[in-house]
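Below are the chains, spelled out letter by letter.
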Amino acid sequence: MSARPIDVVLVKAGRTKIRYPAEVIADDGVLLTVRAAWAGGVVRDFGFVRFEPGDVFTEHYWRDRWYSVKEVRAADGSLKGWYCDITRPASVTATEVTVEDLDLDLWVSADRGQVLRLDEDEFAASGLAERDPDAAARAVETLDALEALARRGGVLR
């Protein structure tokens, strides 16, 4: 499959949080894989990793799973790690992939020495547990399962 353009749209609390261009590199009808440059434009230092201009993200979106996984590489090709977003399953059209961010995230460092649960405070404050308790429970279960998978050495299974 030759690469084709697509927009990645991240929605949070019913509003578009970010939209950026990417290229589809694979799509089997369940899993869509795209490649995109770091969309932040400037250096973003999280303390455990820095995203910066030149970084390349290979992003995996499932139509049937409650997460996405972004492999992060520096401009020189060295692997930084994997950023996992807990989301509702992806919605994919010919021109865009849309995911609803559920506030929980997981970072897995390239050396697999560091697995960090992120944004649990944002998740608690989001009110999702009150608005949609089933989705909130699914989000927490998904984060737990991804963390367990990462600690066993993988996040793309």
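In this report, we go over the structure that sits alongside the text. From a predicted model like this one, the values you see are computed outputs, not experimental measurements.

## Observations concerning the overall build of the chain
Now for step 1: In terms of regular secondary structure, the chain is built from 3 helices and 11 strands.
Now for step 2: The C-alpha radius of gyration computed for the chain amounts to 15 Å, which stays within 12% of the reference 15 Å derived for 157 residues, consistent with globular compactness.
Now for step 3: Projecting the C-alpha coordinates of the chain onto the three principal axes gives extents of approximately 40 × 35 × 30 Å.
Now for step 4: Looking at the 157 residues of the chain, the share that counts as buried comes to 42%.
Now for step 5: Sequence separation of at least 24 residues holds for 44% of the intrachain contacts in the chain that already meet a minimum separation of 6.
Now for step 6: Of the accessible surface of the chain, which amounts to about 7900 Å², a share of 51% is contributed by carbon and sulfur atoms.
Now for step 7: Across the chain, the centroid of the 21 positively charged side chains sits 2 Å from that of the 28 negatively charged ones.

## Remarks on the packing of aromatic side chains
Now for step 1: Within this structure, the stated rule accounts for 10 aromatic pairs.
Now for step 2: Summarising the aromatic geometry, the rings of Trp 38 and Phe 57 are spaced 5.8 Å apart at their centres and angled 20° between planes, so their arrangement reads as stacked. Residue Trp 38 is located in the loop between strand E3 (31-37) and strand E4 (44-45), and its partner Phe 57 is located in strand E6 (residues 56-62); the two are separated by 19 residues in the primary sequence.
Now for step 3: When its relative accessible area of 5% is taken as the criterion, Phe 57 is described as buried.
Now for step 4: Taking 6.4 Å as the distance between ring centres and 50° as the angle between the ring planes, the aromatic pair formed by Tyr 83 and Trp 107 counts as tilted. Of this pair, Tyr 83 sits in strand E8 (residues 79-87) while Trp 107 sits in strand E10 (residues 96-109), placing them 24 residues apart in sequence. One exposure class covers both Tyr 83 and Trp 107, and it is buried.

## Thoughts on unusual backbone geometry
Now for step 1: The residue Asp 103 is not glycine, and still its phi comes out positive at about 80°.
Now for step 2: Mapped onto the elements of the fold, Asp 103 is located in strand E10.
Now for step 3: Relative accessible area serves as the criterion here: at 9%, Asp 103 is assigned to the buried category.
Now for step 4: The phi torsion at Asp 119 lies on the positive side, around 65°, for a residue other than glycine.
Now for step 5: On the secondary structure map, Asp 119 appears in the loop between strand E11 (115-118) and helix H1 (120-126).

## Quick word on helix H3 (residues 133-151)
The α-helix advances 3.6 residues per turn, and as a result positions three or four apart in sequence lie on the same side.
Now for step 1: With 19 residues, H3 extends 27 Å between its outermost C-alpha atoms, agreeing within 8% with the 27 Å of an ideal straight helix rising 1.5 Å per residue.
Now for step 2: On its buried face, H3 is in contact with strand E7 (67-73), E8, E10, E11, H1 and helix H2 (128-131).
Now for step 3: In the stretch just after H3, Gly 153 is the one whose phi turns positive, near 110°.

## Focus on the pattern of salt bridges
Now for step 1: Tallied over the entire structure, the rule returns 18 salt bridges.
Now for step 2: A salt bridge links Asp 55 to Lys 80; the nearest nitrogen and oxygen atoms lie 2.8 Å apart. Of this pair, Asp 55 sits in the loop between strand E5 (50-51) and E6 while Lys 80 sits in strand E8, and the two are 25 residues apart along the sequence. Assigned by exposure class, Asp 55 and Lys 80 land together as buried.
Now for step 3: Where salt bridges share partners, they join Asp 45, Arg 50, Glu 52, Asp 55 and Lys 80 into one cluster.

Criteria and thresholds
Residues numbered from 1 in each chain as written. Predicted model: local features only at pLDDT ≥ 70, side-chain atom pairs only at ≥ 80, totals over all residues. Heavy atoms only, no water. Helix = DSSP H or I, 4+ residues; strand = E, 2+ residues; numbered from the N terminus. Rg over C-alpha atoms; globule rule 2.2 N^0.38 Å. Buried < 20%, exposed > 50% of the residue type's maximum accessible area, 1.4 Å probe, protein only. Contact = heavy atoms within 4.5 Å. Areas by Shrake-Rupley, 256 points an atom, 1.4 Å probe, with all protein chains shown as cover. Lys, Arg positive; Asp, Glu negative; His and termini not counted. Charge placed at Lys NZ, Arg CZ, Asp CG, Glu CD. Phe/Tyr/Trp six-rings, centres within 6.5 Å; stacked < 30°, edge-to-face > 60°. Expected span 1.5 Å × (residues − 1). Salt bridge = Lys/Arg side-chain N within 4 Å of Asp/Glu carboxyl O.

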